[in-house]
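For reference, the chains in residue letters:
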Amino acid sequence: MFEDIVYGKTGQNRSPNKLDLIDRVYDDPILIKSDGHPTYHLANVVDDHLMKITHEWMPSTPLHVALYNAFKWTPPRFGHVPLLVDKSGQKLSKRNADIDLTFFKDTQGVFAATLVNFAALLGWSHTQKSDIFSLEELEQILWFLQKAHAQRFATNGGPEFEEMVSRVSRAVEETCPSQQLYGPFDSTPLYPNAKSYTNASEFIQRNSTFFTTTLNRPPYAPAASASKSPSQTVPMAALHTAAAALSLVPEAHWTIESHKFNITSYDGASSILPEESDAGIHGSPEEVEKARVAADKTFKKELYHYLRWALSASAPGPGIPETMVILGRAESLRRLQEAQQMTVSLVNKSAGPTRVAKGAQSSENQDKTWMGSLAPKS
C-alpha cells in the first residue's frame, strides 16, 4: 500500500513485511535482461531515486515500492495525473496520429498562452463537487481562456497582439471582396471587441459591419420596449435631427468621448413632450421635471436603437460611440444618410408632436448647415 498525493491511499492494506506471493499485486518481475541491461522497472526506480522524481505510471507503483524497500531506500511521495484520452476513452498517442497542439495553434488560431493556460488546468485541485466535465464544458474553459488572453493582448500590446492583427487582416482579405471594403483593416475594431475574440474567422463574421460597406438592414421598427403612449412616441424627424447633430462633429473631435457627451447631453425630452403651456404636462415643478426625465430616457433608448440600426444593421457589437469611431467619420455619415433616406417615408407617419429638440429646426425647415452631409439631396 502507498499514499498517492492525488488519489490518496492506494494498493492492498497489508504491511510490506507480511506480503507473500499470493498477496502480490504484480507478477514476479525480470530485473536484468539476458544481455545484462536492466529492465524498465529496475532502471525506473534507480533513475527516480537519483533524480528525485515524484510521480510515475500508477499500475507499476506497487512493484516500484517493493524495489525501493529492497534497496532500503525511502520511496518518494507519488502523484499521478490522469491520462489524456480521446472521445472513445483511449489514451492519446503519437502512433495513432492524435490531434496535437499545432492543430489548435495553427488551424484553430488558439494562442500559445491559451494552450499553456489550458494545459495547466489538467490534474488540478478545484472547489467543484465533481471531477467530471463534459467536452462542452471543457471547450467553454478553453474559449474563456482564449477571450481572456485576447483582452490582455489588446490591453498590453506587444507581439501577441500584432499576431492577432495579422491573423484578422489576412482573414479580411480572404473573406471580404475588395470592392466592398471601405478602407484597409487596422487594429481599431479589435480593442473594444477583444473580450469576445475567439479566432479571426469568427471575429470577422461577428463584426462584419466593420469590414464592408454593404449593410442588409431590415425595415426600421421602433424599439419593442418603447412607450406605446402617443405622447411618449419618438417622432422619426426627431431621430433624424439627432443623427444630424452628431454628424456636425468635425474630424478632429471625432472621438468616443465627444460622441458620449453629445448623445447624453442631447435634449431628447423636448422632442416628444408638449410645451409646458400645452395640455398634458401640468403639475408641480417636480412632476414636470420627472416627466422630462422619463421622456428623455425614452428618447435616448429609441435613439440608440435607431443609430445601431443605421450604423450596423442592428448587429450586436460595441457601443454607438465606439462604433462611430471604428467606422470613421466619412463612413458613419454615409450610413446615417443612407438610413435617413430609408426612413424618410416614416417622418409624417410618426405619432407625437412635430417639434424637435431645443436649438434644432423642424424637419420641414432644416437647412444644409444644420444637417451637414445628411441634408436631403435636392
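Everything quoted here is computed from the prediction, not taken from an experiment.

1. So, a nonpolar patch on the surface
A cluster of nonpolar side chains, namely Leu84, Leu92 and Leu122, defines an oily patch on the protein surface of about 250 Å² accessible area. Mapped onto the fold, Leu122 is located in the loop between helix H4 (112-120) and helix H5 (135-156).

2. As for the UniProt feature "domain: Aminoacyl-tRNA synthetase class I anticodon-binding" (unreviewed entry) in the protein chain
UniProt annotation of "domain: Aminoacyl-tRNA synthetase class I anticodon-binding" (unreviewed entry) refers to residues 300-339 when read in the numbering used here. Secondary structure content for residues 300-339 is 80% helix and 0% strand, while the C-alpha to C-alpha distance between its ends is 18 Å.

3. Examining the nonpolar core
Leu239, Phe299, Leu303, Tyr306, Leu307 and Leu336 are the most contacted members of the largest nonpolar core, which has 34 residues in total. For this core, the secondary-structure elements that each account for two or more residues are helix H9 (236-247), helix H11 (269-272), helix H12 (285-312), helix H13 (320-327) and helix H14 (329-343). Core analysis: the second largest hydrophobic core is formed by 18 residues, Phe153, Tyr197, Ala200 and Phe211 among them.

4. Remarks on the environment of Asn216
One can find Asn216 in the loop between helix H8 (200-206) and H9. Assessed through its relative accessible area of 69%, Asn216 is described here as exposed. Measuring from C-alpha to C-alpha, the distance between Asn216 and Ser314 comes to 9.8 Å, with 98 residues separating the pair along the chain.

5. A few points about the environment of Ala66
Position of Ala66 among the secondary structure elements: in helix H2 (residues 61-70). Remark: the alpha-carbon pair of Ala66 and Val45, spanning 21 residues in sequence, is separated by 9.9 Å.

The rules we used
Residues numbered from 1 in each chain as written. Predicted model: local features only at pLDDT ≥ 70, side-chain atom pairs only at ≥ 80, totals over all residues. Heavy atoms only, no water. Patch = residues over 30% accessible without salt bridge, like charges linked within 9 Å, V, L, I, M, F, W, Y side chains within 5 Å. Areas by Shrake-Rupley, 256 points an atom, 1.4 Å probe, with all protein chains shown as cover. Salt bridge = Lys/Arg side-chain N within 4 Å of Asp/Glu carboxyl O. Helix = DSSP H or I, 4+ residues; strand = E, 2+ residues; numbered from the N terminus. UniProt positions renumbered as here; feature names shortened; annotations may be inferred. Core = buried A, V, L, I, M, F, W, Y, C linked by side-chain atoms within 4.5 Å. Buried < 20%, exposed > 50% of the residue type's maximum accessible area, 1.4 Å probe, protein only.

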